[in-house]
Amino acid sequence: MLIKFSILGKITPFFYVKIATMEVKIAESWKKRLAGEFEKAYFKQLVAFIKEEYKKKKIYPPAKEIFRAFDFCSFENTRVVILGQDPYHGRGQANGLCFSVREGLPIPPSLINIFEEIKDDLHIATPESGDLERWAKQGVLLLNAILTVRAHQPGSHRNKGWETFTDAVIKEISEEKEKVVFLLWGSYAQQKGAMVDTNKHFVLTSPHPSPYSAENGFFGNRHFSKTNDYLRANNEKEIAW
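Draft legend 1. Region of interest: the pattern of salt bridges. Summed over all chains, the structure comprises 16 salt bridges. Between Lys40 and Glu37 there is a salt bridge, and its shortest N-O distance comes to 2.8 Å. Residues Glu238 and Arg232 are paired through a salt bridge, measuring 2.0 Å at the closest nitrogen-oxygen approach. A relative accessible area of 33% means that Glu238 is categorised as partly exposed. You can call Arg232 partly exposed: its relative accessible area is 44%. Among the charged side chains, a network of salt bridges with common partners joins Arg33, Glu172 and Glu176.

Draft legend 2. Structural detail: the environment of Ile118. With respect to the helices and strands, the residue Ile118 is situated in helix α4 (residues 109-122). Residues Ile118 and Phe224, spaced 106 residues apart in sequence, show a C-alpha to C-alpha distance of 6.5 Å. Apart from the residues within four sequence positions on either side, Ile118 is in contact with His123, Ile124, Trp135, Phe224 and Trp241.

Draft legend 3. Just the packing of helix α1 (residues 28-38) against helix α6 (residues 162-176), in detail. Contact geometry for α1 and α6: axes closest at 11 Å, N-to-C directions at 140°. With respect to α6, the element α1 is oriented oblique. In this structure, α1 meets α6 at a crossing whose hand is right-handed. Each of Trp30, Arg33, Leu34, Glu37 and Phe38 in α1 lies in contact with α6, whose residues at this interface are Phe165, Ala168, Val169, Glu172, Ile173 and Glu176.

Draft legend 4. Broad picture of the side chain of Lys177. Residue placement: Lys177 occurs in the loop between α6 and β8 (181-185). For the buried Lys177, which has no salt bridge, the nearest side chain bearing the opposite charge is Glu76, at an N-O separation of 7.0 Å. Look past the residues within four positions of Lys177 in its chain and what remains in contact with it is Phe75, Glu76, Thr78, Glu172, Lys200 and His201.

Draft legend 5. Local environment of α1. All of the buried residues along α1 are Glu28, Ser29, Trp30, Leu34, Glu37 and Phe38. Projected down its long axis, α1 shows its buried positions confined to an angular sector of 140°, all on one face.

Draft legend 6. The confidence of the model for the protein, seen in detail. Per-residue confidence for the protein averages 90 on the pLDDT scale, and 90% of its residues sit at or above 70. Within the model, pLDDT remains below 50 along residues 1-16, and this stretch shows 40 contacts once partners closer than five positions in the same chain are excluded. Low pLDDT (under 50) marks residues 19-24, which in the prediction has 20 contacts with non-local residues, meaning those over four places away or in another chain.

The rules behind these values
In this numbering scheme, every chain counts its residues from 1 along its sequence in written order. Local features in this predicted model are restricted to residues whose pLDDT is 70 or higher, and side-chain atom pairs enter the listing and the counts only when it is 80 or higher, whereas totals over whole chains, interfaces and linings include all residues. To get the side-chain values, take all heavy atoms of the structure and skip hydrogens and water. Just to be clear on terms, a salt bridge is a Lys or Arg side-chain nitrogen sitting within 4 Å of an Asp or Glu carboxyl oxygen. Classification of residues uses two cut-offs on accessible area relative to the type maximum, computed with a 1.4 Å probe and protein chains only: under 20% is buried, over 50% is exposed, and between them is partly exposed. Only DSSP runs of H or I covering at least 4 residues are called helices, and only runs of E covering at least 2 are called strands; the numbering of each starts at the N terminus. Between two residues, a contact is recorded if the distance between any of their heavy atoms is within 4.5 Å. Helix axes use the C-alpha atoms of the stretch in contact, all axes being lines fitted to C-alpha atoms, and the angles between their N-to-C directions lie in the range 0 to 180 degrees. What sets the label is the angle itself: under 35 degrees gives roughly parallel, over 145 gives roughly antiparallel, 65 to 115 gives roughly perpendicular, and the rest give oblique. By definition, turning the near helix anticlockwise from the far helix through less than a right angle yields a left-handed crossing, and turning it clockwise yields a right-handed one. Under the counting rule used here, the positive set is Lys and Arg, the negative set is Asp and Glu, and His together with the chain ends is not counted. This arc is built from the directions going out from the helix axis to the C-beta atoms. pLDDT measures how confident the predictor is about each residue, on a scale from 0 to 100.

So, in structure tokens, the structure goes:
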């Protein structure tokens, strides 16, 4: 494990985890909180699995972007958490941020519905880009429960260890921070968010924004204005959704 430096507007420390020939970076602020996870047996088994997958299969996102959600949103700056399930499995879509796609690609149906709810809730125009990096930079941790996937095989990296790792992330946020907003859409996210201390944090739940369920309560949930109301009430800057 190496400490390196990368210039992203300013000199920023990153923590690198060696996975075979890959170097996966995670921001220094998260390293201090999560370094112990990398030493556990489950994570070593996960590394061995991921190593072989990247050698033999087409895996998304690119290896250097596995921990991208952490790179843009430090532990200290995390004010909102949105939980997804696993990365997009189509060519070039996944960029390490849940629900987000690369600049210039068609916006997936669930994200279209998210933008539609934001438009109705906050009366702002729908963006042309589905890249949510702009949210992450404001303190929105866009965390998938599973951080990698085989091309065109959704759920293919389920139960390999990522869920244990992201449980540790959620637990660390819940225990060590206060007044974080958790947006839990769909039963999977709600089950995973069960460890969040609702006495310390603001948890909002609704059906998933998928076209199969959005009409059942995602539309009209007003989660984006409610998030900003809560942040403002706690002397935090609103998110520019």
